[in-house]
Amino acid sequence: MSTLSHPAELDAFSRSYREARAKFLDAAAAAGLAVQSEPHPLPGADGEPLAIDVVRDGAPEAERVLLLSSGCHGVEGYCGSGVQVALLRDAGFRAALHASGVALVHVHAINPFGFSHTRRATHENVDLNRNFHDFSRPLPRNPAYAALHPLLLPARWPPGWGNRLAIAALILRKGLRTLQQAVSGGQYEHADGLFFGGTAPAWSNQALRRILRREGAWARRIGWIDLHTGLGKQGACERGFAGRADDDAAYARAQAWWGGAGATPISRFGQGDSVSAALSGLMWGAVYDECPQAEVTAIAMEFGTEPLLTVLHALRGEQWLWNHREGGVRPEQAAALRRALREAFYTDTPQWKAAVLAQAREAVEQGVLGLSQRS
């Protein structure tokens, strides 16, 4: 497959959800590909319509399908959308894709509300990647988060020195990794809090399941690459195994496809040197439910942006803004908090975008090759 020409391809990235969606739809139209959309019930930040847009590049009856998804965490869609637009525009890549017999399904902006409104969470204030639970069963408990909730989201913003010192003291006593696990592991009791997993399936959860049933109906082998940002060294990428913990065969396939013979090892979230905490209610669990006939091999790509505490501070500020959105927050303060969140999850520099495109493109090609081989 051909190599991306980075300077030209950087135009695939956008400055807003509205622009990103327009570029995605235009790229699909130019490629002669149909778009199937799941319209969101609410408008965007500028009143624009919102939707999850799906483009299938390959035969409808293909038995080997590679999913490429963006925007699970709203504002992280800036990164993933750029990758998808670049691939749709690349005729050389698409010709090689068609020759492989693999169908590439682009799922654009799984959380369009968060993308447009500069949120990581959905309009329900749900972290979508903590929302895929069986809600008829008891939900996980996170007492460590409950103890931190008042400290993380004080009555006023920015937090005072007492608040900052209390968090610094906590990190000194227990370590940054412990704080990360407590905060980002997911919680189900504070609906106005960070990393809230919800108490019912979110709109995006339900829409994604419909998409998986439709696009995976004929599939016997499914690969999935889910694009994320916000953890790790700026421009670096961790490839994390996105599958059942006990599915050793799927993990072995992921290592074989995407591990680069050890150059890009596949981590397990919350284990070893992974940049992520241990998580539950993860989105990719839905593919096992909706496509039970298929062999599944999946990873999440996590592109680094800012230091962890910078990202956490931005998340706290934006959540405070959401909780006080009807309470007379000054427009300039609101704009600054949204800008800080965007910068925490999207590094708008040519170097970062080129690094994202190169690494994502490599992974997509590896996924196509892996699916092309016999199982």
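Residues numbered from 1 in each chain as written. Predicted model: local features only at pLDDT ≥ 70, side-chain atom pairs only at ≥ 80, totals over all residues. Heavy atoms only, no water.

Structural notes on the sheet that holds strand 4 (residues 103–108)
In spatial order, the strands read 1-2-4-3-5-8-6-7; together these eight strands make up an open sheet with mixed pairing. Where the open sheet ends on each side, the last strands, each with one partner, are strand 1 (35–39) and strand 7 (266–267). Where strand 6 (residues 237–241) lies against strand 7, two bridges are found, and the strand directions are parallel. Among the inter-strand pairings, Arg239 is bridged to a residue of strand 7, identified as Ile266. Against the sheet, helix 2 (residues 17–30) engages strand 1, strand 2 (51–57) and strand 4, with an angle of about 25° to strand 2. (Pairing = 2+ DSSP bridges. Helix = DSSP H or I, 4+ residues; strand = E, 2+ residues; numbered from the N terminus. Contact = heavy atoms within 4.5 Å. Axes fitted to C-alpha atoms, helices over the stretch in contact; angles between N-to-C directions.)

Some words on the pattern of salt bridges
Overall, the coordinates contain 26 salt bridges when judged by the stated rule. Note that Glu38 and Arg214 form a salt bridge whose closest N and O atoms lie 4.0 Å from each other. Here Glu38, found in strand 1, pairs with Arg214, found in helix 9 (residues 203–215); they are 176 residues apart in sequence, far enough to count as distant. Overall, Glu38 belongs to the buried group, its relative accessible area being 12%. A salt bridge links Glu290 to Arg213, with the shortest nitrogen-to-oxygen separation between them at 2.9 Å. Here the residue Glu290 occupies a position in helix 11 (residues 285–290), and Arg213 occupies one in helix 9, the gap between them amounting to 77 residues. You can call Glu290 buried: its relative accessible area is 18%. Residue classification places Arg213 among the partly exposed positions, given a relative accessible area of 40%. Within this structure, Asp11, Arg15, Glu19, Lys23 and Arg89 form a network of salt bridges that share partners. (Salt bridge = Lys/Arg side-chain N within 4 Å of Asp/Glu carboxyl O. Buried < 20%, exposed > 50% of the residue type's maximum accessible area, 1.4 Å probe, protein only.)

Quick notes on the packing of aromatic side chains
Evaluation of the coordinates by the stated rule reveals eight aromatic pairs. Ring centres 5.3 Å apart and planes at 70° place the aromatic pair Tyr17 and Phe115 in the edge-to-face group. In this pair, Tyr17 is assigned in helix 2 and Phe115 in helix 5 (residues 112–116), connecting sequence segments 98 residues apart. Both residues of the pair, Tyr17 and Phe115, belong to the buried class. Judged by centre distance (5.3 Å) and plane angle (80°), the ring pair of Phe241 and Tyr251 falls under edge-to-face. Here Phe241, found in strand 6, pairs with Tyr251, found in helix 10 (residues 248–258); they are 10 residues apart in sequence, far enough to count as distant. When its relative accessible area of 5% is taken as the criterion, Phe241 is described as buried. Taken together through their ring pairs, the aromatic side chains of Phe13, Tyr17, Tyr78, Phe115, Tyr346 and Trp352 make up a single cluster. The cationic tip of Arg119 hangs over the ring face of Trp322; the distance from NZ or CZ to the ring centre is 4.0 Å. Between Arg164 and the ring centre of Trp161, over which it is positioned, the NZ or CZ distance is 5.5 Å. (Phe/Tyr/Trp six-rings, centres within 6.5 Å; stacked < 30°, edge-to-face > 60°. Lys NZ or Arg CZ within 6 Å of the ring centre and 35° of its normal.)

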